[in-house]
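# Report on the structure
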Amino acid sequence: MKRILRSCCAALLTCLTINAASAVEKVVYLKDFLTPGAAEIDAVPAVRAALEHCAATGARKLVLPGGRLCMRPDQAVEKYQFISNNDESLKRIAFDLAGMRDFEIDGGDTELLFTGFISPFSLEDCENITISDLTIDFIRTFHSEGIVEATGDGWLEIRFPEDYLCDIVNGCLRFRDTEGTVYPFSNLLEFDAVRREPAFRAMDYWLSNRTIPAEKCENGNFRILRKDLKATVGNVMVFGAAARYNPGFTLADCREVEIRNVNLYHCGGMGVIAQRSRDIELRKLVIVPSPGKGRMISITADATHYVNCGGYIRMIDCVFENQKDDATNIHGLYMAVERVAGPDKLLLRWRNSGQYGVDFITPGMHLELVDNDNVETYARRSVKSVRRLNKIYTEVTFTEPLPDGVKPLHVVAADDDYPEVLIKGCRMRGNRARGLLLGSRGRTVVEDNHFHIAGAAILIEGDANYWYEQSGVRDVVIRGNVFENGNYGSPGWGSACIAVGSGIPDRETSRYHRNIRVEGNTFRVFDPRIVNLYCVDGFLFRRNKIEFTSDYPVVDGQAERFVTRNCDNVVIE
């Protein structure tokens, strides 16, 4: 009996030892793949090898070594990507997590310092992924910044710090890095050097040919030439990146993704862009200009953006500052009818080039048919089959005949799954344009946030004629927030702290948005415009506190606190 017990114990110990060893093998350490000196030169080959090993062995975690890792595009994964509201291209990717399941990247407080045109993270068809405790920055930013030294009639003299190498080519200003890579730009925007935000009433200067005439001054500065240029000496002129090629985190067809305790100081596109994904949580994601480097801008586009997502979207205790566009935009996509191709068939096309190639229609899906003039749904149909012709055109056959009245320029959108949204404890300030663009038809709660936004802090948007972004909110709660001195920027960025900006040509009968409640918030404002609504059915404003400040000049004509047009069931207490 004792012999049998000893044998059983030995077998059990062996099993436990094997299981323990197996558990250890499930954790992979990047340091084991780094060759001597690679961290200081290029850690991307090591990252690529480590991720391939993780995929092959079913590892559950990749642990980064801490310190700084230099990351270059030279030997990165390469793939052509269509990313909604960013620019399609053949991209180099540092962390390609395509197909990963039940996987974690433990950053270990590592700084990832990138060089050149490279996307830090790409997740495609992933499930249960966590990325935490790391910092992302770039040596040379995708945008450029210069200090206004002098002004004149049709010109500005700009001094560029050494981080922004530039020269004159064919009489126009050109930016580059030390390796000769060119950084094109397509717009100019003035930032207040003291307040560190868009200058008061600053306007976007858009450049149709992505360049601007310039001369080099004897003192080494550059004089840029355009008849309508205006700026204040001492302020910073930001030359915005011409394209959004390299977002920080791209999520496509993913489920259960958490990004936690991450500092994203720069990237060449949106910070987090998620399309056709569900159950996404951002917790303590910090998007601010890189500390100690004197930069005005953090990232070159929206901090976050969600397209045709489902499940839940949670952004908790995040900081979004000085990015070149909105804090978030949550919406679906409208695809336009090109022609009726049969009794049950439509030829559809993308009319916004930022949506090219972003397929979202699948067999079995329910689509709504929408009149583009009033943006109201007039029918719903189930998809039988989908034939993608190319990145612009798609042919869809339905299970039932189409209703009468379908015609070109009407639009279709997914009508299956809308995310429940929670945005809580976040701080947003100093960025271009707006704060939150809310467009989910799921329950949306915005609470305990702090807004100091150059335009509208919250914009309920969506349209079927320009951006082609599906919205039509159904249940929005805005409570316990502080709105601090909004709408100090360009007049085109917002008509009030909380506004509707949907592009609806025929507003008389349209009630595109429904059930919005604004309760228990504090508005500290120099601009008296609090609410501006149209095409809303159900709006409640109560128990809010309004305090007026003298922090900015009041512009003539800004008088009405509450504007409502073509609305029903509005209560303002």
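Summing up its helical and strand segments, the protein has 3 helices and 49 strands in all. For the protein, whose C-alpha radius of gyration is 26 Å, the value lies close to the compact-globule estimate of 25 Å for 573 residues. C-alpha extents for the protein along the principal axes are approximately 95 × 70 × 50 Å. Scored against the burial criterion, the 573 residues of the protein give a buried share of 58%. Relative to all contacts within the protein whose residues are 6 or more apart in sequence, the contacts with residues 24 or more apart total 72%. With an accessible surface of roughly 23000 Å², the protein has 48% of that area assigned to carbon and sulfur atoms. Across the protein, the 69 positively charged side chains and the 78 negatively charged ones have centroids separated by 3 Å.

Bridge analysis of strand β11 (residues 165–169) against strand β12 (residues 172–176) gives 5 bridges, and the strand direction is antiparallel. Within the sheet, the bridge partner assigned to L165 lies in β12 and is R176. Hairpin connection from β11 to β12: 2 residues lie between these consecutive antiparallel strands, with N170 at a positive phi of about 55°.

This brings us to the sheet that holds strand β27 (residues 335–342). Read around the closed barrel, the 6 strands follow the order β27-β28-β31-β30-β29-β32; overall the barrel is antiparallel. Taken over all neighbouring pairs, the strand axes of this sheet differ in orientation by 45° on average, direction set aside. Pairing of β27 with strand β32 (residues 411–414) involves 2 bridges; the strand directions are antiparallel. Its bridge partner lying in β32, A336 is registered against V411.

Take empty space enclosed by the protein next. Space left empty within the atom packing is revealed by a probe, the size of a water molecule, rolled over the atoms. Under the defined criterion, the tally for this structure stands at 3 cavities of 30 Å³ or more. Approximately 70 Å³ is the volume attributed to the largest cavity. Every residue along the wall of the largest cavity is listed here: F117, F142, Y183, P184, A241, A242, A243, Y245 and G268. Taken together, the residues of the lining of the largest cavity break down into 8 nonpolar, 1 polar and no charged. N329, I330, H331, L437, L438, G439, E461, G462, E469 and S471 are the residues that line the second largest cavity. Listing elements by their share of the lining of the second largest cavity, those giving two or more residues are β26 (328–333) and β35 (436–438). At 3 residues, the largest contribution of residues to the lining of the second largest cavity is made by β26.

What follows deals with the environment of V238. Within the fold, V238 resides in strand β18 (residues 236–241). Residue V238 is classed as buried on the basis of its relative accessible area, which comes to 0%. Beyond its immediate chain neighbours, meaning those up to four positions away, V238 contacts H143, S144, E145, N187, L188, L189, F191, I297 and K324.

With that settled, consider the confidence of the model for the protein. Here the protein shows a mean pLDDT of 95. Residues at 70 or above account for 95%. Taken together, the stretch residues 7–23 has pLDDT below 50 and engages in 1 contact with residues farther than four places along the chain or on a different chain.

With that settled, the discussion passes to the layout of surface pockets. What the largest pocket holds in volume is close to 1300 Å³. Considering the residues around the largest pocket, the lining is formed by 49 residues, among which W206, R244, D325, R432 and W467 are closest to the centre. Along the lines of polarity and charge, the residues of the lining of the largest pocket split into 19 nonpolar, 16 polar and 14 charged. In this structure, the second largest pocket occupies an estimated 440 Å³ of space. Along the wall of the second largest pocket there are 27 residues; nearest its centre are R276, N308, C309, M365 and D417. For the lining of the second largest pocket, the leading source of residues is β26, giving 3 residues. By residue class, the composition of the lining of the second largest pocket is 10 nonpolar, 9 polar and 8 charged.

Bringing the packing of aromatic side chains into the picture now. Following the criterion strictly, the structure yields 25 aromatic pairs and no others. Ring geometry for F117 against Y245: centres 6.5 Å apart, planes inclined by 55°, an arrangement best described as tilted. Taken as a pair, F117 in the loop between β6 (101–114) and β7 (119–124) and Y245 in the loop between β18 and β19 (249–252) lie far apart in primary sequence, 128 residues in all. Taking 5.8 Å as the distance between ring centres and 35° as the angle between the ring planes, the aromatic pair formed by F523 and F541 counts as tilted. Of this pair, F523 sits in strand β44 (residues 522–525) while F541 is found in strand β46 (residues 536–542), placing the two residues 18 residues apart along the sequence. There is no split in this pair, since F523 and F541 are both buried. One aromatic cluster is present, built from ring pairs that chain together F114, F117, F138, F142, Y183 and Y245. Just above the ring of Y183 sits the side chain of R140; from NZ or CZ to the centre is 4.6 Å. Positioned over the ring face of F82 is R388, at 5.9 Å from the centre of the ring.

Before going further, it helps to examine unusual backbone geometry. In the Ramachandran plot, Y468 falls in the positive-phi region, its phi being about 60° despite a non-glycine side chain. Despite not being glycine, N569 has its phi angle at roughly 55°, a positive value. When you line up the elements, N569 lands in strand β49 (residues 568–572). Taking the relative accessible area as the measure of exposure, N569 reaches 58% and is therefore exposed.

Our next topic: the pattern of salt bridges. Tallied over the full model, the rule gives 51 salt bridges. In this structure, E124 and K79 form a salt bridge, with 2.9 Å as the shortest nitrogen-oxygen distance. With E124 in strand β7 and K79 in strand β4 (residues 77–81), the pair connects residues that are 45 residues apart, well separated along the chain. For E124, a relative accessible area of 26% translates into the label partly exposed. For R432, the salt bridge goes to D204, with nearest N and O atoms at 2.8 Å. A residue pair is termed long-range when its members are at least 10 positions apart, and R432 in the loop between β34 (427–429) and β35 and D204 in the loop between β14 (197–198) and β15 (205–206) qualify at 228 residues. This pair shows no difference in class: R432 is buried, exactly as D204 is. Ionic contacts of the salt-bridge type, sharing partners, join the residues R101, D125, E127 and R255 into one network.

Conventions adopted
- Residues numbered from 1 in each chain as written.
- Predicted model: local features only at pLDDT ≥ 70, side-chain atom pairs only at ≥ 80, totals over all residues.
- Heavy atoms only, no water.
- Helix = DSSP H or I, 4+ residues; strand = E, 2+ residues; numbered from the N terminus.
- Rg over C-alpha atoms; globule rule 2.2 N^0.38 Å.
- Buried < 20%, exposed > 50% of the residue type's maximum accessible area, 1.4 Å probe, protein only.
- Contact = heavy atoms within 4.5 Å.
- Areas by Shrake-Rupley, 256 points an atom, 1.4 Å probe, with all protein chains shown as cover.
- Lys, Arg positive; Asp, Glu negative; His and termini not counted.
- Charge placed at Lys NZ, Arg CZ, Asp CG, Glu CD.
- Pairing = 2+ DSSP bridges.
- Axes fitted to C-alpha atoms, helices over the stretch in contact; angles between N-to-C directions.
- 1 Å grid on protein atoms, 1.4 Å probe; cavity = no way out; pocket = protein on both sides within 12 Å on 5 of 7 lines; lining within 4 Å.
- Points joined across faces, edges and corners; volume = space filled by probe spheres on them.
- Nonpolar A, V, L, I, M, F, W, Y, C, P; charged D, E, K, R; others polar.
- pLDDT = per-residue confidence, 0-100.
- Phe/Tyr/Trp six-rings, centres within 6.5 Å; stacked < 30°, edge-to-face > 60°.
- Lys NZ or Arg CZ within 6 Å of the ring centre and 35° of its normal.
- Salt bridge = Lys/Arg side-chain N within 4 Å of Asp/Glu carboxyl O.

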